[in-house]
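The lines below spell out each chain.
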Amino acid sequence: MQDFVVELYKRIIDICDYYVVANKASIISDIKGLIPDIQRFVTWFIETEDIGVEAQIKTSMNNQVLEMLRDMSIALERGDSVLMFDATKEGVAEYLKLFIPEEELV
C-alpha cells in the first residue's frame, strides 16, 4: 500500500502545482481521473483500525476523510476548481502524507 500512497500523493501534488503555476482554468478533469485511486485510499484508511492513534481520534479522522469525498463530489457537480483543489491538496494529500516516510515527500 505504501507505493500506492506515494504514487497517488505525487500525482495529486503534480496536478495541483500545475494548476497553480500554469494558472490553469480548471483542475476538475485532471483530478477526476484520480477519483478511483482516492476512493481506494479512503476505503483502506477507514477499514484500517490501527494507525497509531486513539479510537476517538481515528473516528474523527474517518469523518474528515468522508467530508473530503463529499467536497470532491460537490466540486464535480458544480465544476468548482477551488473546492476541488482544497479537497485534494489540503485534504487528501495531507492524509496521504501521514503514511509516507519523510525522505519520499516531494
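The structure this text deals with has already been given above.
The structure presented is a predicted model; accordingly, all values stated were derived computationally and were not measured.

Undergrad: Whenever I open this one, the overall build of the chain confuses me. Can you help?
TA: When its secondary structure is counted, the chain shows five helices and zero strands. The order of helices and strands in the chain, counted from the N terminus, is α-α-α-α-α. Scaling as 2.2 N^0.38, a compact globule of 106 residues should have a C-alpha radius of gyration of about 13 Å, and the chain matches this with 14 Å. Once the C-alpha set of the chain is aligned to its principal axes, its extents read approximately 40 × 30 × 20 Å. Counting across all 106 residues of the chain, residues that qualify as buried make up 37%. Total accessible area on the chain is roughly 6300 Å²; 49% of this is exposed by carbon and sulfur atoms. In the chain, 10 side chains carry a positive charge and 20 a negative one; their mean positions are 5 Å apart.

Quick notes on the rules
Sequence order as written defines the numbering, with residues in each chain counted from 1. Under the rules for a predicted model, residues below a pLDDT of 70 receive no local features and side-chain atom pairs below 80 are neither given nor counted, while totals for whole chains, interfaces and linings still include all residues. By convention in this description, side-chain values take in all heavy atoms of the structure and omit both hydrogens and water. By definition, any uninterrupted DSSP run of H or I lasting at least four residues is a helix, any uninterrupted run of E lasting at least two residues is a strand, and each is numbered from the N terminus. This radius of gyration counts C-alpha atoms alone. The globule rule is 2.2 Å times how many residues there are, raised to the power 0.38. We call a residue buried when its accessible area falls under 20% of the maximum for its residue type, exposed when it is over 50%, and partly exposed in between, using a 1.4 Å probe and counting protein chains only. Each accessible area is a Shrake-Rupley estimate made with a 1.4 Å probe; only the visible protein chains count as cover when residues are assessed. Under this rule, positive means Lys or Arg and negative means Asp or Glu; His and the chain ends count for nothing. Think of each charge as sitting on NZ of Lys, CZ of Arg, CG of Asp or CD of Glu.

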